[in-house]
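Fold and contact review
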Amino acid sequence: MMYRVLCVMVVLLLLVGCRKPEEIVPEQIIQIEEPMSEEELVATEYLGFYLLNEGNMGSNKSTLDYMDLTTGKYHRNIFAERNPHVARELGDVGNDIGIYGSKLYAVINCSHFVEVMDAMTATHIGVVSIPNCRYLCFHGGYAYITSYAGPVQIDPNARPGYVAKVDTATLQVVDTCVVGYQPDEIVRVGNKLYVANSGGYRGATMENENSEQASQRYDHTVSVIDIATFKEIKRIDVAINLHRLEVDADSAFIYVSSRGDYYDIPSRTIIIDPHVDQCVGEVLSKDGGPLACTNMTRHGDSIYLYSTEWSWYGERNTITYGIINTQEQRLVSRMFITDGSETSIEVPYGLAVHPENGSIYVTDAKNYVTPGKLHKYSPDGKHLWEITTGDIPAHFVFLKKRGK
Amino acid sequence: MNTKPIKLATAALLLALRAVAQPDTVSVMREVDIEEVRVARSRIQKEVIPVQLLEGQQLKRLSVHSVADAVRYFSGVQIKDYGGIGGLKTVNVRSLGSHHVGVFYDGIELGNAQNGVVDLGRFSLDNMEAVSMYNGQKSAIFQPAKDYASASALYLQARTPRFDEGKRSRLSVGMTVGSFDTYNPSLLWEQRIGQRVSNSVSAELMRTSGRYKFTYAKKDGYDTTAIRQNGDVLSMRAEAGLFGQMRRGEWRAKFYTYNSERGYPGASVREEPGKFKHQDRQWDNSMFVQATLRQQLGAAISMQVNAKYAYDYLHYVSDPRLDVTTMHVDNTYRQQETYLSVVGLFAPVDWWSASLAADYQYNVLDSDMANFVFPLRHSVLTAAATAFDFNRVKLQASLLHTYTHDIIRRQGAEAADDNSRFTPSVIASWRPFWSTDLNLRAFYKRVFRLPTFNDLYYTFIGNIRLKPEYTTQYNIGATYANTWKSSVLRRIELQLDAYYNQVEDKIIAMPTSNQFRWTMLNLGYVEIRGIDAAVQSGWHFGPVDMDLRLSYTFQRAADNTDPQSQWYGGQIPYIPWHSGSVIAAFNWGNWAMNYSFIYTGERYEAVANIPENYSQPWYTHDLSLSYSNLHLVGVDWRITLEANNILNQQYEVVQCYPMPGINFKLKLSATI
């Protein structure tokens with residue numbers, strides 16, 4: 001009897017035993033706009049842009065999209081299918097993206113490396129291991145990448161970040177330079193690097209103290225690094241919890257954004273003069289108060305920016321947009337989306353302006369755990385189209401023609 | 001044919017049955033020998049409310065470690081399992097969310113005011129006699145107000161002492177060794193102290209490295225295998241109970257403590273192989289003392305008093321000196337809960353009874369987190385209930401009032417507003433024919449869960465303006481049971497229920513301006529339509545007895561939060577459309593074999609039901625074989641060999657938390 005029962009069970013097991021192997025999620029291609037004409041194709045320097053989707057932390061869902069401006073096709077989630085042998089796809093939390101030479105670099109924050117790809121095909125070339133890496137910039141054959149994971153001090157709360165200098169030919173870290181607490185964006189002006197130190201970890205986690213002291217725990221400096229010696233030569237005292245850096249067209253001034261402390265200290269936008277490495281001014285909002293800035297991007301003499309500030313009164317984000325004129329160093333407009341369609345954006349997250357034609361791209365991160373949207377606007381701010389992206393669409397880089 | 005083993009097995013089953021039942025009504029209390037009545041209960045009970053039960057031998061033979069593993073076999077239940085012995089395991093019943101499940105240990109709720117969920121992975125089955133799950137609430141009215149206060153309820157019943165004839169004590173010692181360097185010695189000692197009082201002591205130690213292999217592979221693509229790191233657990237459980245019988249009453253008291261140290265293996269994401277390893281650790285120290293007294297005070301009145309004090313300490317450390325990638329966190333949390341409940345039951349006639357219950361609870365949370373507000377909460381729950389029993393028609397109705405008042409002990413910080421709310425439930429059943437054991441049943445229940453301390457007050461994230469999250473349940477169903485004296489099929493019990501649920505003002509985490517800053521909002525609205533089916537049957541093939549238990553669940557849980565959203569109406573994360581389980585238990589003399597199978601159908605990891613979020617079905621087959629009643633050197637031995645996930649399926653229950661493949665366990669126990 002037992003034997004018969006066993007036989008039945010073995011057969012049952014075999015019946016349900018095999019399941020189909022996991023499939024690679026294929027790239028999806030959507031025709032979103034007209035292809036370029038022959039003349040446009042010849043005239044333009046840019047083929048398209050990559051959009052890096054962060055993916056929510058711990059979900060391993062960072063994905064890469066590509067907008068092919070020549071064909072008008074949007075390619076969603078291209079990395080997995082183009083790199084079937086790269087285990088676990090792109091990784092966890094894509095935090096920044098850049099192109100230098102023929103290579104595309106994606107900083108994958110919680111996978112602790114920079115994924116290096118061929119700029120044309122997005123096929124895997126290698127990785128550069130940098131724990132808790134954040135943002136990058138390039139100069140003179142090197143990539144400079146900020147990391148939160150500097151040398152650990154005796155006090156684990158007082159752990160600085162660093163900048164890694166990576167040889168773009170060999171993809172090796174050749175040098176490191178310790179900077180402030182939890183460094184975020186990095187830019188180059190002349191022969192110096194500027195790093196926005198946030199201190200976000202310290203602000204969030206240190207022992208119980210009163211609120212005033214809490215804001216002191218954030219970092220409030222921009223680190224200045226001399227490229228030749230790769231040493232930090234100065235800390236510029238700016239404002240707490242720094243994040244973004246944007247350089248004007250003449251490399252005359254650097255615009256720095258401060259996140260504030262999310263309580264009483266507001267977000268601000270401050271101007272640094274790199275010739276003297278000092279704060280020389282602040283961009284104010286129309287009511288004379290500080291100008292809140294969450295993200296910014298420069299096009300010509302205009303810095304496009306938006307801000308999302310949480311308001312307990314309406315229980316929603318207060319979203320503002322604006323344009324700073326870098327010649328006048330002031331806010332000249334409160335809108336770059338001019339047809340009222342910005343109300344359809346829940347949480348603006350990524351921002352880019354086409355270097356040639358001035359088309360504006362804004363992403364919407366929605367609720368962070370579902371796919372976001374990419375919106376395209378004409379240079380005069382009229383909504384042209386929108387398309388579904390990956391989760392938390394965030395970081396853009398434009399792809400130039402080879403040899404350009 | 002030798003019938004002795006079967007008789008023994010049946011006796012064991014009956015013993016198990018009688019111990020789990022709690023005297024719910026006066027009719028039970030009136031019996032001089034309460035136990036005789038309890039024996040008559042069947043396993044899928046003809047309860048007015050849908051209930052599922054695993055107990056006694058059936059529970060013992062399942063090759064599972066924790067309560068969470070056992071609850072997976074119930075229909076309508078989804079377990080969120082972060083993998084391994086140490087991973088968090090919470091239960092979600094009928095897609096209402098894990099915050100809506102009340103978990104009761106020996107009749108008194110296990111609280112967690114901080115985050116509102118109970119980690120069922122920490123409750124070992126070693127000393128557990130029965131695990132039962134009720135949709136809505138237990139269909140009894142002689143119970144504390146808290147028993148009415150959750151959308152579903154899971155009752156864990158620890159073993160109560162019982163003795164072989166002529167014996168006054170019993171000592172049982174067990175040792176389990178298993179895969180992932182798991183060692184789990186346990187001890188149970190029971191003694192009768194006088195005529196009416198007995199005590200029991202149960203203790204257990206569990207150690208595992210949590211190191212198991214897992215594989216991620218894609219068709220025509222990568223195939224990568226790694227070992228789960230930092231998933232080790234060392235835990236110690238000890239409990240002591242006193243059990244007393246009185247004239248027309250009973251009492252019991254319990255002390256429970258659980259202490260553990262564990263690592264967090266973290267989400268498994270793309271990383272350079274072997275480069276970094278999570279090193280964050282957590283220490284937990286929990287204890288509670290609780291006592292229950294039930295007494296009949298006259299012909300028509302019964303009283304019940306429950307009291308509890310619980311203390312939970314949690315210490316979490318993430319140290320960048322050990323793991324360079326991490327942020328430094330070193331926080332402690334200390335929770336205390338005091339609970340007192342009084343219930344009175346008035347049952348003047350056989351067909352009508354009414355009850356009144358009043359519970360008071362005091363919760364306090366301390367922490368050394370930055371900007372912590374030190375919340376404490378007073379809760380008063382009052383429930384009035386009535387029951388009619390007209391033989392073929394049974395009706396129950398209850399009304400619960402909940403009042404809470406929060407106090408913040410940090411200057412300048414604000415507390416949430418007081419709550420004062422009524423929530424009702426109505427339950428009915430009808431037996432259309434005297435001759436057939438077919439019962440039709442229906443229930444309606446509306447209840448809420450309060451925002452937890454974390455939802456309200458967590459530094460940077462909490463939102464004191466949160467409203468309670470409401471659930472409404474409508475259920476219709478039928479049960480059927482029959483028994484036969486001499487056919488191959490001896491016993492069958494069926495239950496089938498269809499339901500429609502709503503979750504309103506669902507509390508969800510929403511991002512604010514950036515990834516660092518989320519907040520909690522009453523934003524969600526979920527509609528759930530489902531079917532639960534379960535079959536329990538007993539078979540008899542010559543010398544072999546077989547118990548066969550099947551369950552099936554269909555659920556359509558739609559996120560209808562935002563009609564403007566592209567993903568409106570999507571199936572909510574991790575809820576499969578189809579799921580089911582099979583348990584087949586065979587008894588042949590001293591041999592017992594158990595086969596269990598769990599199937600979780602396709603589902604999505606996010607409300608956007610797109611290929612990127614698609615998750616394949618997973619199913620595991622577990623086998624166990626045991627030999628008992630081996631008498632050697634005056635000791636009664638039992639040996640069990642288990643093989644779990646025997647097809648070595650690689651699967652995830654939660655995205656990026658891989659589950660173990662095939663694994664083995666060997667358990668030896670000795671009873672004197």
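Structure report, in brief. What you see is a predicted model, and the numbers here were worked out from it, not measured in a lab.

When you go through chain B residue by residue, the secondary structure sums to 6 helices and 36 strands. With respect to the principal axes defined by its C-alpha atoms, chain B has extents near 65 × 55 × 45 Å. For chain B, buried positions account for 47% of its 672 residues. Within chain B, contacts between residues at least 6 apart in sequence are counted, and of these 64% link residues at least 24 apart.

Now for the sheet that holds strand 5 (residues 108–109) of chain B. Residue and element names in this part refer to chain B. Spatially, 1-6-7-4-5 is the arrangement adopted by the 5 strands of the open sheet, whose pairing is mixed. Strands with a single pairing partner mark the edges of an open sheet, and in this sheet they are strand 1 (51–55) and strand 5. Two strands pair when backbone bridges link them, and strand 6 (residues 128–135) and strand 7 (residues 152–158) are joined in this way by 7 bridges, in the antiparallel orientation. The partner of Ala130 across the bridge, within strand 7, is Gln157.

Residues and elements named next belong to chain A. The 4 strands are arranged 9-10-11-12 in an open sheet whose pairing can be described as antiparallel. Both outer strands of the open sheet, strand 9 (133–139) and strand 12 (172–178), are each paired with one neighbouring strand and no more. The mean inter-strand angle of the sheet, taken between neighbouring strand axes irrespective of direction, is 25 degrees. Examined bridge by bridge, strand 9 and strand 10 (residues 142–147) share 5 bridges and lie antiparallel to one another. Across the sheet, Leu136 pairs through a bridge with Ile145, a residue of strand 10.

We now examine the environment of Val201(B). All names here are of chain B. Positionally, Val201 belongs in strand 10 (residues 197–208). Take Val201: there are 17 C-beta atoms within 10 Å of it, and that puts it in the partly exposed class. As for Val201 and Glu602, which are separated by 401 residues in sequence, their C-alpha atoms are 44 Å apart.

Calculation rules
Residues numbered from 1 in each chain as written. Chains lettered and ligands numbered in written order. Predicted model: local features only at pLDDT ≥ 70, side-chain atom pairs only at ≥ 80, totals over all residues. Helix = DSSP H or I, 4+ residues; strand = E, 2+ residues; numbered from the N terminus. Buried ≥ 20, exposed ≤ 12 C-beta atoms within 10 Å, placed from the backbone. Contact = placed C-beta atoms within 7 Å. Pairing = 2+ DSSP bridges. Axes fitted to C-alpha atoms, helices over the stretch in contact; angles between N-to-C directions.

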